[in-house]
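Each chain, written out:
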Amino acid sequence: EDQVTQSPEALRLQEGESSSLNCSYTVSGLRGLFWYRQDPGKGPEFLFTLYSAGEEKEKERLKATLTKKESFLHITAPKPEDSATYLCAAPYSSASKIIFGSGTRLSIRP
Amino acid sequence: EPEVTQTPSHQVTQMGQEVILRCVPISNHLYFYWYRQILGQKVEFLVSFYNNEISEKSEIFDDQFSVERPDGSNFTLKIRSTKLEDSAMYFCASSEVIGDNYGYTFGSGTRLTVV
């Protein structure tokens, strides 16, 4: 069964304290792995797409990496405005729909 | 930056009533989607739509649900007879192509409350 699992469920960091969020997936014929940011009461906001093992993408304090079974979202020296829920998602084999993980709620304390 | 626009932002309806949720996708996008998120749960796929027909739908998308592109800009989700368990955030999304390199662009959602 296609599945996307994220850990931890919640993460509290001090401003400037770097860490990583994990996404493991079992999706046959992977067609990409997406990372989204979701603020309370808002829709998911696209961050990255990764397609092949070893690929890395960066945006400001965020870096996403991909292995054959996992993806990591590294956050370096986070600021309070990075507080949000980070969602990992992958297209199903049909590619016309995507399956989301349950997300990691990230809180950054000033 | 282009946006997906959803209206209304919040809708309260009586159980058994029909509701229509509206979306204006990004103008050059060809693929349209509806997702929903029950409070505290995962974002779930409902339906994808391309070339004026449903491409794929989930088990959630039963006969009570329908989608339509009534004109060149709007994309709607209709729930014929709402149930309490339909209460959720409903997100519209669009993409230029299937498996778009840039992911799907989501709207800000409509919070549907069924009482």
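Refer to the structure above for everything that follows.
Just so it is clear, the model here is predicted, and its values are computed rather than measured.

A. Structural context of the sheet that holds strand E3 (residues 19-24) of chain B. Residues and elements named next belong to chain B. Ordered by their spatial adjacency, 4 strands build an open sheet running E1-E3-E8-E7, and the pairing between neighbours is antiparallel. Unpaired on one side and paired on the other, strand E1 (5-7) and strand E7 (65-68) mark the two borders of the sheet. The sheet shows a mean angle of 20 degrees between the axes of neighbouring strands, taken without regard to direction.

B. Quick look at the interface of chain A and chain B. Counting residues at the interface gives 20 residues for chain A, matched by 21 residues for chain B. Between chain A and chain B lies a buried interface of about 1700 Å² when both sides are counted; carbon and sulfur atoms form 55% of it. In terms of surface lost to chain B, no three residues of chain A exceed Ser96(A), Lys97(A) and Phe100(A), which account for 30% of the buried area on that side. Here chain A is connected to chain B by 1 salt bridge. Applying the counting rule to chain A against chain B returns 3 residue pairs in polar contact (both at pLDDT 80 or more). Mapped onto the side of chain A that touches chain B, the elements with two or more residues apiece are strand E4 (33-38), strand E5 (45-50) and strand E10 (98-100) of chain A.

Cut-offs applied
Residues numbered from 1 in each chain as written. Chains lettered and ligands numbered in written order. Predicted model: local features only at pLDDT ≥ 70, side-chain atom pairs only at ≥ 80, totals over all residues. Heavy atoms only, no water. Pairing = 2+ DSSP bridges. Helix = DSSP H or I, 4+ residues; strand = E, 2+ residues; numbered from the N terminus. Axes fitted to C-alpha atoms, helices over the stretch in contact; angles between N-to-C directions. Contact = heavy atoms within 4.5 Å. Buried area = accessible area lost by both parts, 1.4 Å probe. Salt bridge = Lys/Arg side-chain N within 4 Å of Asp/Glu carboxyl O. Polar contact = N/O pair within 3.5 Å; in protein donor to acceptor, adjacent residues only side chain to side chain.

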